[in-house]
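Letter by letter, the chains look like this.
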Amino acid sequence: MGDGKNLTRRGFIAGGAVVGASTALALTPFERLMNVLSTGFIHKAQAEANGTEGSRNYINILMAGGPLRYTFDAWMRTNPSDPQLDYNPMVATKFVSSGGRVVGTEYATFNYNGVLVPHMFSHSVTTSAGSRALTDLLNHMLVVRGFGTGFDGHLFNATIQQAPVGGVASLMGLAADYSKKTFEAIEWPDRGAYGNYASMNGKALNKLTGNPLNSLLEGFGGPQGGRTKGRSLKERNQESFELAQARLRAYAQSDFAGAGILAKNLSNASALMKKGIGNIGAYWDGAVARYRGLMEASLRQQGLVGINDVPMISAQSEHWRVHVADGNRGMTIGANSDLRESIKTMTCPGALAEGFALAEYVLKEGLVSTLNLQMGDPDNLTMMDAANGVTAKHLAIKDMHETGSIPGVLITTAYYRALCAGMLELIDQLKKSKVNGVDLWSETVIQVISEFNRTARTSGSGSDHGFDQLVTSAFSGAIQKGPFVVGNIYKAGHGGGYTGTQGRAAPIEGYNQKGMPSPTMAASTVAALLRTKNPYENLAEPLVRLSGNDLQVLKAAKIV
């Protein structure tokens, strides 16, 4: 069994798939791929045999800029027993109409599985499977609200949520440290100063450029001319595959941990190795077009009750302004137009279609455990400028200082409908793939973050940086019978020009963080979903416990 020189546990794992075949030559990319794949199969079998399942897959979606989140996951009154809100027109989820036109906003919810959720979730979106109720997403949703930092600044508030404690792994690094995949962690597009990745086990973050799938796998393509010597590339690739197979068969016949499990999965390993990276070009173009098409159909949809089912004719007040990139200003919507027309030309938020296509491929192929993705700004909104009567397409930035209450509800509802449609499509695709009898969606956690929610102006004229009223949400197939919400908020706002209930973080009685909880609370709570050791819990206990598919809320959400 074996060559008598490498039949040890360390030898099996550390030894390359091409040991003895091309020791005088530099490894080709294909040989490296065979090596990491065979090592990954052995690690996976060992982990299963030892009862260490590893982390769930982790996808982090960043909305850099800090958009209003009230229509989506910044939930205010979530329990019928909660006190009534002190209303602020910026904290709105639905329109009020009179005389056949929109005249104002309201915070409207409906009861789903005992939780009051924003009006948007009463509608449906488009996926490959057809129309899908957004309540399907609620079943797997956890909202973590009521935490803050006490400090302003886009970069600080973005990075502190990703790595809230120095000297330990970031959330993404935590999941990557438990990974047995070919690539532990990837990021696309590069977050630059908005990123904060830390691994305690030296797991690398692969930052992708251009076409992210090609960028990720280009090292496994054919070698450059002149790099391979001694034998033809075809011969070396065939020999590499055969040696990798021999390595796996030898381990399967040994008495090492996981040998029996590996033996049962040799055919799957062989199929993946033969497939290699497949025809990624054919997959990529079609997948990106699929995600973009269904998300744009969802965000542009008309006739949504309480959103765009009656005309939206501007009163040309501060409630009708949109913060646009052109001049970094608040543009008042002209009265000689219907604001509903704006989203008919709105495009899929930048990088999102590509991000979901990338996630679908690498998770289904078992290549990656953790991904950092991004979601761009609402773009190509056709709007009339009241200042000059000119109708043009505009980019509405997510740092919504000058976006008033009425465009705010319309634009963010469309924006989050796109996100939800993309997530539901990805969920459906992951459910089709199973590993050891468990579907990939049950083994995946998606977290949506931004620097902060907004501090809402009482006048309805816009909002500022809500660094003391942060919110994040997590979705997983391991969560059933949702939604769930944790974290306390104050009924009162910040005072001055920011009154009304708007999600200001409040202390949690009996919690091991005194005063306003920090982002460590949110990270600890999400870590409880990942099935890893929680490095944050001594500083901030998780607010939920997950046992199987049973999610238990440990501290009920309150308005105080």
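Owing to the predicted nature of the structure, the values given are computational and were not obtained by experimental measurement. All residue numbers here refer to positions counted from 1 along the written sequence of the relevant chain. Since the coordinates come from a predicted model, pLDDT governs what is reported: local features require at least 70, and pairs of side-chain atoms require 80 or more to be given and counted, while whole-chain, interface and lining totals use all residues. Working from all heavy atoms in the structure, the side-chain values ignore hydrogens and water.

### Looking at the packing of aromatic side chains
Turning to step 1, where the next piece is worked out: When the centres of two rings from Phe, Tyr and Trp lie within 6.5 Å, Trp using its six-membered ring, the rings pair. Their planes under 30 degrees apart give stacked, over 60 give edge-to-face, and anything left gives tilted. Inspection of every chain in the model, using the stated rule, returns 8 aromatic pairs.
Turning to step 2, where the next piece is worked out: Geometrically, the ring pair formed by Tyr291 and Phe356 is stacked, given 5.7 Å between the ring centres and 20 degrees between the ring planes. In this pair, Tyr291 sits in helix 10 (residues 280–300) while Phe356 sits in helix 11 (residues 352–364), placing the two residues 65 residues apart along the sequence.
Turning to step 3, where the next piece is worked out: Burial here depends on accessible area, computed with a 1.4 Å probe over protein chains only, as a share of the maximum for the residue type. Under 20% is buried, over 50% is exposed, and the range in between is partly exposed. Among the residues examined, Phe356 registers a relative accessible area of 0% and is labelled buried.
Turning to step 4, where the next piece is worked out: Ring centres of Tyr415 and Tyr416 lie 5.3 Å apart, and the angle between their planes is 75 degrees; on these two criteria the pair is classed as edge-to-face. Pair check on accessibility: Tyr415 and Tyr416 agree, each one buried.
Turning to step 5, where the next piece is worked out: An aromatic cluster of three or more residues is present, and its members are Phe72, Trp75, Phe121, Tyr415, Tyr416 and Phe475. Only DSSP runs of H or I with at least four residues qualify as helices, and only runs of E with at least two residues qualify as strands; both kinds are numbered from the N terminus onward.

### Considerations on the pattern of salt bridges
Should the charged atoms of two oppositely charged side chains come close, the side chains can pair.
Turning to step 1, where the next piece is worked out: By salt bridge we mean one thing: a side-chain nitrogen of Lys or Arg within 4 Å of a carboxyl oxygen of Asp or Glu. Tallied over the full model, the rule gives 19 salt bridges.
Turning to step 2, where the next piece is worked out: When the shortest N-O distance is used, the salt bridge between Asp377 and Lys398 registers 3.1 Å. On the criterion of sequence distance, the pair formed by Asp377 in the loop between strand 13 (368–374) and strand 14 (381–384) and Lys398 in the loop between strand 15 (391–394) and helix 12 (405–431) is long-range, its members being 21 residues apart.
Turning to step 3, where the next piece is worked out: With a relative accessible area of 3%, Lys398 lands in the buried category.
Turning to step 4, where the next piece is worked out: Between Glu402 and Arg457 there is a salt bridge; the shortest N-O distance is 3.6 Å. Highlighted residues: Glu402 in the loop between strand 15 and helix 12 and Arg457 in the loop between strand 19 (453–456) and strand 20 (463–466), separated in sequence by 55 residues.
Turning to step 5, where the next piece is worked out: In the salt-bridge network here, residues are joined through shared partners; they are Arg321, Glu402, Arg457 and Asp464.

### With respect to the confidence of the model for the protein chain
Turning to step 1, where the next piece is worked out: Confidence scores per residue from the predictor, reported as pLDDT, run from 0 to 100. The predicted model of the protein chain averages 88 in pLDDT, with 82% of residues at 70 or higher.
Turning to step 2, where the next piece is worked out: Contacts are assigned to residue pairs that have any heavy atoms within 4.5 Å of one another. The low-confidence segment residues 1–25 (pLDDT under 50) makes 49 contacts with residues lying over four places distant or belonging to another chain.
Turning to step 3, where the next piece is worked out: The model gives residues 221–231 a pLDDT under 50, and that stretch makes 14 contacts with residues more than four places away or in other chains.

### Side note on the side chain of Thr472
Turning to step 1, where the next piece is worked out: When you line up the elements, Thr472 lands in strand 21 (residues 470–476).
Turning to step 2, where the next piece is worked out: Polar contacts involving the side chain of Thr472 include one to the side chain of Gln447, which spans 3.1 Å.
Turning to step 3, where the next piece is worked out: For Thr472, the side chain forms a polar contact with the main-chain oxygen of Val448, separated by 2.8 Å.
Turning to step 4, where the next piece is worked out: Residue contacts for Thr472: discarding those within four places in its chain leaves Arg69, Asp73, Leu142, Val143, Val144, Phe147, Gln447, Val448, Ile449 and Ala522. Polar contact is the term for a pair of N or O atoms within 3.5 Å; when the atoms are in protein, one must be able to donate a hydrogen and the other to accept it, and sequence-neighboring residues count only if both atoms are side-chain atoms.

### Here's the deal with the pairing of strand 14
Turning to step 1, where the next piece is worked out: Strand pairing requires that DSSP identify at least two bridges connecting the strands. Bridge analysis of strand 14 against strand 15 gives 4 bridges, and the strand direction is antiparallel. Looking at strand 15, one finds that Met383 is bridged to Ala392.

### Some points on unusual backbone geometry
Turning to step 1, where the next piece is worked out: Of the consecutive residues Trp188 and Pro189, the connecting peptide bond is found in the cis state with omega at -10 degrees.
Turning to step 2, where the next piece is worked out: For Pro189, the position within the fold is in the loop between strand 9 (183–187) and strand 10 (205–207).
Turning to step 3, where the next piece is worked out: Put simply, Gly482 and Pro483 share a cis peptide bond, and its omega is 10 degrees.
Turning to step 4, where the next piece is worked out: With respect to the element layout, Pro483 can be found in the loop between strand 21 and strand 22 (484–486).

### Points about the nonpolar core
Turning to step 1, where the next piece is worked out: Remark: nonpolar core denotes a set of buried residues (Ala, Val, Leu, Ile, Met, Phe, Trp, Tyr, Cys) joined through side-chain atoms within 4.5 Å. Counting residues in hydrophobic clusters, the biggest one holds 101 residues, and the most contacted among them are Phe72, Trp75, Met295, Leu358, Val362, Leu371 and Leu419.
Turning to step 2, where the next piece is worked out: No other element matches the 16 residues that helix 12 contributes to this core.
Turning to step 3, where the next piece is worked out: Leu358 has contacts with Ile186, Trp188, Leu208, Pro212, Leu213, Trp284, Leu371 and Leu373, leaving out every residue within four places of it along the chain.
Turning to step 4, where the next piece is worked out: Of all hydrophobic cores here, the second largest spans 36 residues; its members include Ala169, Val486, Ala523 and Ala540.

### A word on the pairing of strand 6 (residues 124–127)
Turning to step 1, where the next piece is worked out: Here strand 6 shows a clear split, with Val125 and Thr127 buried on one side and none of Ser124 and Thr126 buried on the other.
Turning to step 2, where the next piece is worked out: Bridge count for strand 6 against strand 7 (residues 130–133) is 4 bridges, and the pairing is antiparallel. Note on strand 7: the bridge partner recorded for Thr126 is Ser131.

### Some details on the sheet that holds strand 1 (residues 57–62)
Turning to step 1, where the next piece is worked out: Taken in spatial order, the 8 strands make up an open sheet running 10-9-13-1-18-21-8-22, and their pairing is mixed. The outermost strands of the open sheet, each flanked by one partner alone, are strand 10 and strand 22. Neighbour to neighbour, the strand axes of the sheet diverge by 15 degrees on average, direction disregarded.
Turning to step 2, where the next piece is worked out: In this fold helix 11 packs onto strand 1, strand 9, strand 13 and strand 18 (444–449), with an angle of close to 180 degrees to the strand it touches most, strand 13. In this description, a line fitted to the C-alpha atoms serves as the axis of each element, helices being fitted only across the stretch in contact, and the angle between N-to-C directions of two axes falls anywhere from 0 to 180 degrees.

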